[in-house]
Amino acid sequence: MGAKAAENGAKSSSSAPSPPPLKAFFRLKTKQQELLIRVASLALIYVLAFAVRLFSVLRYESMIHEFDPYFNYRTTLFLTRNGFYEFWNWFDSESWYPLGRIIGGTLYPGLMVTAALIYRLLRFLTFAVHIREVCVLTAPFFASNTTIVAYFFGKEIWDSGAGLVAAALIAICPGYISRSVAGSYDNEGVAIFALLFTFYLFVKAVNTGSLAWALASAFGYFYMVSAWGGYVFIINLIPLYVLVLLVTGRYSMRLYVAYNCMYILGMLLAMQIRFVGFQHVQSGEHMAAMGVFFLLQVFYFLDWVKYMLNDKQLFQSFLRITLTFAISVGALALGIGTASGYISPWTGRFYSLLDPTYAKDHIPIIASVSEHQPTAWSSFMFDFHILLFLFPAGLYFCFKRLSDATIFIVMYGLTSMYFAGVMVRLILVAAPAVCLISAIAISATVKNLTSLIRTKGKAPLAVSGKGSSSLKASAKASADQSLPFQHNCAIALLVGAFYLLSRYAIHCTWVTSEAYSSPSIVLAARGAHGGRVIFDDYREAYYWLRQNTPADAKVMSWWDYGYQITAMGNRTVIVDNNTWNNTHIATVGRAMSSYEPEAYEIMQSLDVDYVLVVFGGLTGYSSDDINKFLWMVRIGGGVFPVIKEPDYLVNGEYRVDKGAAPKMLNCLMYKLAYYRFGEMTTEYGKPTGYDRARGVEIGNKDIKLEYLEEAFTTSNWIIRIYKVKPPKNRW
Amino acid sequence: MGRRTRSAAAMAIVPLLLLSFFHLLQFVSSTQEIRVLSAEKRIDLTSPIARVFLTLKVENYGAPEVPEILIAFSPTESEHLAILKASTVEGKRKKKTYVPLSVSPVSSPDAPNGAQLYSVTLRSPLQSGETTTVEALYVLTHSLEPFPTEISQSEPQLVYYRDSATILSPYTIVEQTVYIKTPSSKVESYTKVEPTARSGSETRYGPYHDRLPYSFSPVIVHFENNNPFAVVEELVREIEISHWGNLQIRDHYRLKHAGARHKGVFSRTIAALGYFYWVYDTYAKHPCRLDYQFRQSLSASFKTLLAMLPPRVHSVYYRDDIGNISSSHLRINSQKSELEIEPRYPLFGGWKATFTIGYGLPLQDFLFESSDGRRYLNFSFGCPLIETVVDDLTVKVILPEGSRNPTAAVPFPVNQHLEMTYSYLDVVGRTTLVLQKRNVVPEHNYPFQVYYDFNPIFMLAEPLMLVSSVFLFFVAYIAYVHIDLSIRRPLKTNS
């Protein structure tokens, strides 16, 4: 896209009549020079955005990260092997045993289809790449594309300079990198591109009133819907934006064309995604868009009537009647729809976005995920750095030069900033807006400062009558003449700005390499002689499961590890990261928090063959199952009231040492985590059975297992797998 | 301590075999008048592979000259026979040299009880009244049978070895002795066929005198063998030749511990081979020490394997379906490269692991041009892992695009066929010569050659393709810029 735009510029300049002689061939005009610099820096930014995301590949290897990406990888593998039709109709019996999961109907296929298409294309071009490489590099590739979109978006709302700065900022913004490093093969990787692209196309459509751009934005929206559940943000932000334009009296035919085309076509296209289905007309979360759609029709109608009537008095009364009528009809329809159950109410996830405390009280399964926690100030600082200060400055500039486009970016910035405050993971959605708005601040400031410096230098020349532009500048300069040390101040401020920007670049690189490039299934630590120690226990255990257990074995673990077990271990799991069935998860939570005989009954009823627990007591790995255990109790207790959280606590305190609650010391999770751990010396000068993750000596060192036996423990004890013994003979 | 009563299973088998022994005696075939003056059989059972050294001193007491002599194997032996090599000794004492002799299987319908005969062609036919000494080495795979078949983690692994106290031969043997060498002196039981003696780790059967042809007296030795029974069930080696200077090897292993199956619980407190280091704890953000208990495992599980790679190896990787395996060490010197690999988990009996080892080699070490202008690859057959049996070996030699008429020269019989492989920028595909062999042992690590015709002009095909596609892209773009495809008239004022 960048190349095309550049070429367009080149076309216009090449059409200039003078045929260049050989000597002047390399001497470019200022406009051409500017174009060359712009294209070159965009190309560099494109490469930079890709390269900075490769830290994880260099530090570790070309592998899929985290939890959800393993599901995406597995489904992509299925898609490339069996074709789209099979994929669409895939019933997966390897997860949610014994329920199973209809994969085709319960996922956003955009990411997998994108990766599969890239894979097919490369194969067609006779590049013998492995699908894993494609999956690993999909996110960086789309991040690179996002920078180009950011450039055009910035150009659309401000000028090409702001676009260039925006592209540079977003290329290395840690908030975005956190979800788009190589290997982070998740929906967000392509969705942020789709989100920004849709917004850009829509703003372009609003600015031009062109049906073609509106159509393009509808397709952008379709891609977004196919890729990520975050499309709900678009379908609510755009109506809100339209509403704001209506209220501020900025209604225009351009807006009418853009919104109607985008909404109707986007809605129809989105219905093709099975997971979304008829939600656009049936779900409460999508009703705002429909309401605004009808409101626009009313507006258009009123406009027409106003034009036809030519009578202010009559129109006023007509307006009053029509508005009352329209609003009451709308409210009635909504009321009937909701009451009859045709329109579904808002989901818990949506509520928890609007009210940060909602999930904590009502949906423990959402609250238990760390990325759903409200954001701390430090993570804002970590992910945005100087952008956090530039953001308000950019808002100021936007308000100073208010247009349809700047109103959009202001609204996008403010709403996404709010959501970023509600949930950590939504910093990602705010990142493009923050980058764009900050880019406006930087671009406008630097432009002002450089023009100040230039006018000072050119002031004597301007008197001699150089040109109209410098005359204007000198006029401006003479207006600001009252400020002392203006020139020096400008230089100082410019230097300060560049210092800040370089700090930003350093910070981003550091954050990327230190914090966001860890695949989280391979853990690295610093060894005795400064060498790196790798804890590859996860894969050790999953590969053991894959090779040394029966092919139809069912593995019970907490849901976090479900996707990884199915993808890497190739074994059936009871629950996984697609937490669609709370009761099933609660059953597993109940089994983990019961005494062994009761747990055995539950496991028998679920046909469990192996139980997998994650244990960090030996290595000091703190995100293990013992630390997650209270969530198991809470989620289990939410469905089965026999599990009571206070039974596991002592005076409201969670302990694993001698002072722990008796139920805690004898529940299945405790036994499985600490089985035979009492014999181990973990740290010099500490008693045996010293838990390094929690820094205490465990309370129950003599653990006997009756219904399970240890089947495998990884080299650093991070994963422990137990085999469920067959039932005893009754006679 | 080891002389305990032999187990019940052994008791059941012995009479059965004795029966067949009497049956065997009825067949006395001697088409040629040859007898073995003295025979010695040394069976080396110190590794999971059974190696047998057979020394026969043969005499022709008949009139016609004898060009070849026969060596007999029982049906089970011939099934497990991986390789048979024979040589003869020439010269005396200090100038002793071993001259290899050619060996070929012969169909032997008249041999009793399905005994399989192999003929060894002598260098010069044995004249009447002459004697010669033939030495044979043969390797048997899967002939150590774990018993008990399932052991727990800390138990030692015991195995059976079945053979005959007398040497199976189509000739009368005047004097013979069989020695069986076990890894340690821990022998649980052994069949006695007097005279039988045992000292240290060696059991001796014999000497026996004047045994008839095809005499067989089954014996069972039950002893401790804690060697890792690493068996590669399937090994696919891909050798890809690039005339740009690289030889790329990819070995896909399916490894199994073929010893006694692991039973019952697994425990790290027993299995952990102690190690001990300081780590910088990323979670607790302070340095701390990991301390594992030092308790040496007794069992036959194994943690590491050693692969011998050619010298000047580069870009070595070791991975499996789910990513790199971050536990391997590579030691390179000018003579050889040693790659010590550790499977993701220690392998206990019956456990499996699959993995891939890949590396690059400089082409000039392995690719040569023969006198008739053909090129040939000279590479080692067999498995780089030391002391490992490969049940099913497939070697795929992927020749560069445009090569023709591949032929292989392998010193032992293999199945071969051709197929096509497609890699980066391949249009017509790469001719691939596939060689397959079952039951491969380290003794098969022997160079083989693949000859083929190749025109160096094909080396330029792929770079030219890339260059021209980039060129075409630019041409297309220039054309696109200069051609106006819009339907309406171009407007002067552009937004």
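Note that the structure is a prediction, hence the values are computed from the model and not measured.

Section: the overall build of chain B
At step 1: Scanning chain B for helices and strands turns up 4 helices and 34 strands.
At step 2: The buried share among the 495 residues of chain B stands at 48%.
At step 3: In chain B, the proportion of contacts linking residues at least 24 apart, taken out of those at least 6 apart, comes to 73%.
At step 4: Accessible surface, chain B as shown: approximately 24,200 Å² in total, 56% of it carbon and sulfur.

Details of the sheet that holds strand β28 (residues 367–369) of chain B
Residue and element names in this part refer to chain B.
At step 1: Strand order in this open sheet of 4 strands is β28-β29-β34-β31, and the pairing throughout is antiparallel. Because the sheet does not close on itself, it has two edges, and the strands there are β28 and β31 (404–409). For this sheet, the mean inter-axis angle between neighbouring strands, taken without regard to orientation, is 25 degrees.
At step 2: As judged from the 6 bridges shared by strand β29 (residues 375–380) and strand β34 (residues 447–453), these two strands associate in the antiparallel manner. Paired with Tyr376 across the bridge in β34 is Tyr451.

A word on the UniProt feature "transmembrane region" (unreviewed entry) in chain B
At step 1: UniProt feature "transmembrane region" (unreviewed entry): in the numbering of this structure it lies at residues 464–483 of chain B.
At step 2: Overall, residues 464–483 of chain B shows 95% helix and 0% strand. The separation of its end C-alpha atoms is 28 Å.

Points about the packing of helix α11 (residues 231–247) of chain A against helix α14 (residues 287–309) of chain A
Residues and elements named next belong to chain A.
At step 1: It is at 8 Å that the axes of α11 and α14 come closest, and there the two elements cross at 30 degrees. Classified by the angle their axes make, α11 and α14 are roughly parallel. As α11 runs across α14, the sense of the crossing is left-handed. Contacts from Ile235, Asn236, Pro239, Val242, Leu243 and Leu246 of α11 reach α14 at Ala288, Ala289, Val292, Leu295, Leu296 and Phe299.
At step 2: Along the lines of polarity and charge, the residues of the contact of α11 with α14 split into 11 nonpolar, 1 polar and no charged.

Some remarks on the nonpolar core
At step 1: Grouped together as the largest cluster of nonpolar side chains are 294 residues, with contacts concentrated most on Phe384 and Tyr412 of chain A.
At step 2: Sorting elements by how many residues they give to this core places helix α22 (residues 427–463) of chain A first, with 18 residues.
At step 3: If sequence neighbours within four positions are ignored, Tyr412 of chain A has contacts with Leu195, Leu196, Phe199, Phe233, Leu237, Val429, Pro432 and Ala433 of chain A.
At step 4: Core analysis: the next-biggest nonpolar cluster, separate from the first, contains 52 residues, Leu101, Leu117, Leu140 and Val187 of chain B among them.

What to know about the packing of helix α12 (residues 253–270) of chain A against α14 of chain A
Residues and elements named next belong to chain A.
At step 1: Where α12 meets α14, the closest approach of the two axes is 11 Å, and the angle between their N-to-C directions is 145 degrees. In the crossing of α12 with α14, the sense of the turn from one axis to the other is left-handed. Touching Met253, Tyr256, Tyr259, Asn260, Tyr263 and Ile264 of α12 are Ala289, Met290, Val292, Phe293, Leu296, Gln297 and Tyr300, all from α14.
At step 2: Its residues assigned to classes, the contact of α12 with α14 comprises 11 nonpolar, 2 polar and no charged.

Structural notes on the packing of aromatic side chains
At step 1: Per the stated rule, a full pass over the model turns up 73 aromatic pairs over all chains.
At step 2: Ring centres 5.3 Å apart and planes at 50 degrees place the aromatic pair Tyr251 of chain A and Phe299 of chain A in the tilted group. On the criterion of sequence distance, the pair formed by Tyr251 of chain A in the loop between α11 and α12 and Phe299 of chain A in helix α14 is long-range, its members being 48 residues apart.
At step 3: Measuring from centroid to centroid gives 5.6 Å for Phe381 of chain B and Phe448 of chain B, while their planes differ by 90 degrees, and the two rings are edge-to-face. Of this pair, Phe381 of chain B sits in the loop between β29 and β30 (389–398) while Phe448 of chain B sits in strand β34, and the two are 67 residues apart along the sequence.

Observations regarding the pattern of salt bridges
At step 1: Overall, the coordinates contain 50 salt bridges over all chains when judged by the stated rule.
At step 2: With a closest N to O distance of 3.0 Å, Glu188 of chain A and Arg179 of chain A form a salt bridge.
At step 3: On the accessibility criterion, Arg179 of chain A (16% relative accessible area) is buried.
At step 4: Between Glu59 of chain B and Arg35 of chain B there is a salt bridge, with its nearest N and O atoms 2.9 Å apart.

Calculation rules
Think of each chain on its own: its residues are numbered from 1, step by step along the sequence as written. As they are written, the chains are lettered A onward and the ligands numbered 1 onward, keeping that order. In keeping with the model being predicted, local features are shown solely for residues with a pLDDT of at least 70 and side-chain atom pairs are shown and tallied solely at 80 or more, while totals for entire chains, interfaces and linings include all residues. Only hydrogens and water are set aside when side-chain values are computed; all heavy atoms of the structure are taken into account. Put simply, DSSP H or I for four residues or longer makes a helix, DSSP E for two residues or longer makes a strand, and each gets a number counted from the N terminus. Think of it in three bands: residues with accessible area under 20% of the maximum for their type are buried, residues over 50% are exposed, and the middle band is partly exposed, with areas taken using a 1.4 Å probe on protein chains only. By the convention used here, residues are in contact when the closest approach between their heavy atoms is within 4.5 Å. Here the accessible surface of atoms and residues is derived via Shrake-Rupley with a 1.4 Å probe, and residues count as covered only by protein chains that are part of the display. Whether two strands pair depends on DSSP finding at least two bridges between them. Angles run from 0 to 180 degrees between N-to-C directions of axes, and those axes are lines fitted to C-alpha atoms, restricted for helices to the stretch in contact. UniProt positions are given in the numbering used here, feature names are shortened, and annotations may be inferred rather than shown by experiment. Orientation labels follow simple angle bins: below 35 degrees gives roughly parallel, above 145 gives roughly antiparallel, 65 to 115 gives roughly perpendicular, and whatever is left gives oblique. Whether a crossing is left-handed or right-handed is set by the direction in which the near helix is turned from the far one by less than a right angle, anticlockwise for left-handed and clockwise for right-handed. Three classes are used, and their members are as follows: Ala, Val, Leu, Ile, Met, Phe, Trp, Tyr, Cys and Pro are nonpolar, Asp, Glu, Lys and Arg are charged, and the others, Gly among them, are polar. By nonpolar core is meant a set of buried Ala, Val, Leu, Ile, Met, Phe, Trp, Tyr and Cys residues that side-chain atoms within 4.5 Å join together. In summary, the pairing rule links any two rings of Phe, Tyr or Trp, Trp by its six-membered ring, whose centres are within 6.5 Å, and it sorts them by plane angle into stacked for under 30 degrees, edge-to-face for over 60 and tilted for everything else. We define a salt bridge as a side-chain nitrogen of Lys or Arg found within 4 Å of a carboxyl oxygen belonging to Asp or Glu.

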